[in-house]
Amino acid sequence: MNSQLVSIVMGSKSDLPVMEEAGKILKKFEISYEVKITSAHRTPENTAEYAKALEERGIKVVIAGAGAAAHLAGAMAAWTTLPIIGVPIDSSPLKGIDALLSTVQMPGGIPVASMAIGKAGAKNAAIFAVEILALSDGETAKKLKDYREEMKRAVLEAN
Ligand code: RP5
């Protein structure tokens, strides 16, 4: 067992500027996480080994970001029943539409929760992960409600 609750996985180091948005949110909510770079296509064995070991290591939720023919979230979902939240990354000439379709169009039986393309998706993936963890942690649930209030105040105060 380790103390990390969330795994942020991505297909390439070049995905980091997008996926960092997820890390920022998890830090804000004081949720421990690890970051892993592994590719569904270029390091398939590594990806499978990493995914298979997650549950035993105590990880509860996975956020998986990849661009182009983005198989990472689905490839990981094949090896674990932990919830996988996919983030399509706009790193290809198709600007993430390809990654969005690859991530969202999982065949029935092996789900991946797909977020928006790019930084908003990475941010929401982390909030979604926090929402899952909050189901069994009252303190985290309270922080989520405070976060909503914070956003509401920011909009009202902008006037
Ligand atoms: C995907 O291909 C990665 O997730 C990345 O978004 C994209 C390009 O990867 P690099 O060529 O920058 O390593 O697998």
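Each chain carries its own residue numbering, running from 1 in the written order of its sequence. Local features in this predicted model are restricted to residues of pLDDT 70 or higher, and side-chain atom pairs are both shown and tallied only at a pLDDT of 80 or more, whereas totals for entire chains, interfaces and linings draw on every residue. Excluded from the side-chain calculation are hydrogens and water; included are all heavy atoms of the structure.

1. Focus: the packing of helix H5 (residues 119-134) against helix H6 (residues 138-157)
Here's step 1: For helices, the axis comes from a line fit to the C-alpha atoms of the stretch in contact; other axes are also lines fit to C-alpha atoms, and the angle between any two N-to-C directions lies between 0 and 180 degrees. The helix and strand labels rest on DSSP assignments: H or I over at least four residues marks a helix, E over at least two residues marks a strand, and numbering proceeds from the N terminus. Two elements in contact, H5 and H6, have axes separated by 8 Å at closest approach and are oriented at 140°. Taken together, the axis directions place H5 and H6 in an arrangement best described as oblique. Between H5 and H6 the crossing geometry is left-handed. Between H5, through Lys123, Ile127, Val130, Glu131 and Ala134, and H6, the contact on the second element is made entirely by Thr140, Ala141, Leu144, Tyr147 and Arg148.
Here's step 2: Charged residues are taken to be Asp, Glu, Lys and Arg, nonpolar residues to be Ala, Val, Leu, Ile, Met, Phe, Trp, Tyr, Cys and Pro, and polar residues to be all remaining types, Gly included. Class assignment for the residues of the contact of H5 with H6 results in six nonpolar, one polar and three charged. Geometric relationships in this document are graded by angle, where less than 35 degrees denotes roughly parallel, more than 145 denotes roughly antiparallel, 65 to 115 denotes roughly perpendicular, and other angles denote oblique. By convention, the crossing between two helices is left-handed when the near helix turns anticlockwise from the far helix through less than a right angle, and right-handed when the turn is clockwise. For this analysis, residues touch if any pair of their heavy atoms sits within 4.5 Å.

2. Quick notes on the side chain of Glu34
Here's step 1: As for its placement among the helices and strands, Glu34 is situated in strand E2 (residues 33-37).
Here's step 2: Here Glu34 falls in the buried class, since its relative accessible area comes to 14%.
Here's step 3: Under this definition, polar contacts are N or O atom pairs within 3.5 Å; protein pairs additionally need one hydrogen-donor-capable and one acceptor-capable atom, and for neighbouring residues in sequence, both atoms have to be side-chain atoms. Separated by 2.5 Å, the side chains of Glu34 and Arg57 make a polar contact. The cut-offs for exposure are 20% and 50% of the maximum accessible area for each residue type, with area from a 1.4 Å probe on protein chains only; residues under the lower value are buried, those over the upper are exposed, and the others partly exposed.

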